[in-house]
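Chain residues, written in single-letter form:
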Amino acid sequence: MDLLIINGPNLNLVGKREPSIYGSETLDDIQEELLVTAKSLGVNLKFFQSNSEGEMIDHIHKSVGSTDGILINAGAYTHTSIALRDALLGVAIPFVEVHLSNIYAREDFRHKSFLSDKSLGLVCGFGPISYQLALQGIVSFLHRS
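I will try to describe carefully the structure that is included in this document. Predicted model, so just to flag it, every value in this text is computed and none were measured. (Residues numbered from 1 in each chain as written. Predicted model: local features only at pLDDT ≥ 70, side-chain atom pairs only at ≥ 80, totals over all residues. Heavy atoms only, no water.)

This part takes up the nonpolar core. By size, the foremost hydrophobic cluster in this structure holds 20 residues, and its most contacted members are L3, L45, L71, V96, Y131, L135 and I138. At the level of elements, strand 1 (2-7), helix 2 (27-41), strand 4 (95-99) and helix 5 (129-144) are the ones that each hand at least two residues to this core. For this core, the element with the highest residue contribution is helix 5, accounting for six residues. In this view, L71 contacts L4, I5, I6, V96, V98, Y131, A134, L135 and I138; residues no more than four positions away in its chain are not counted. (Core = buried A, V, L, I, M, F, W, Y, C linked by side-chain atoms within 4.5 Å. Buried < 20%, exposed > 50% of the residue type's maximum accessible area, 1.4 Å probe, protein only. Helix = DSSP H or I, 4+ residues; strand = E, 2+ residues; numbered from the N terminus. Contact = heavy atoms within 4.5 Å.)

Here's what the structure looks like:
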């Protein structure tokens, strides 16, 4: 099973940016922990991070035929990007939306996601563990499919 983990804008700053919200672990730390879990689940992971909406869309398009599922933390694009939503729908690869913080406990503009109604699930608010929970969820779903 091959999974793609996509991280959007400003997630390259995790661990440095607003640690009271996002924690002190870096994106590299989170990815290393995911690799350990993935190995125990027999899953291959590929990681992609970009601050550019277009690059994220291009990467989603390129994943057709080589990816069984996607975990996506689209960052602020979660709340603004119909194009990202359309890309995910266009490739028809199952995906789970992930966020470090609880987007529903933050500013009102973060309460609307253009992705969650089409995702298999949404995991938010558990810090770096959100990625672990999302990984376990999508693997379980794909094994049942």
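Its location among the elements puts Q31 in helix 2. Relative accessible area serves as the criterion here: at 13%, Q31 is assigned to the buried category. Sequence-distant contacts of Q31, that is, excluding residues within four places in its chain, are made with N7 and F47.

Attention now goes to the environment of A38. Tracing the chain through its elements places A38 in helix 2. The exposure class of A38 is buried, given its relative accessible area of 1%. Along the sequence, A38 and Q136 sit 98 residues apart, while their C-alpha atoms lie 8.8 Å from each other.

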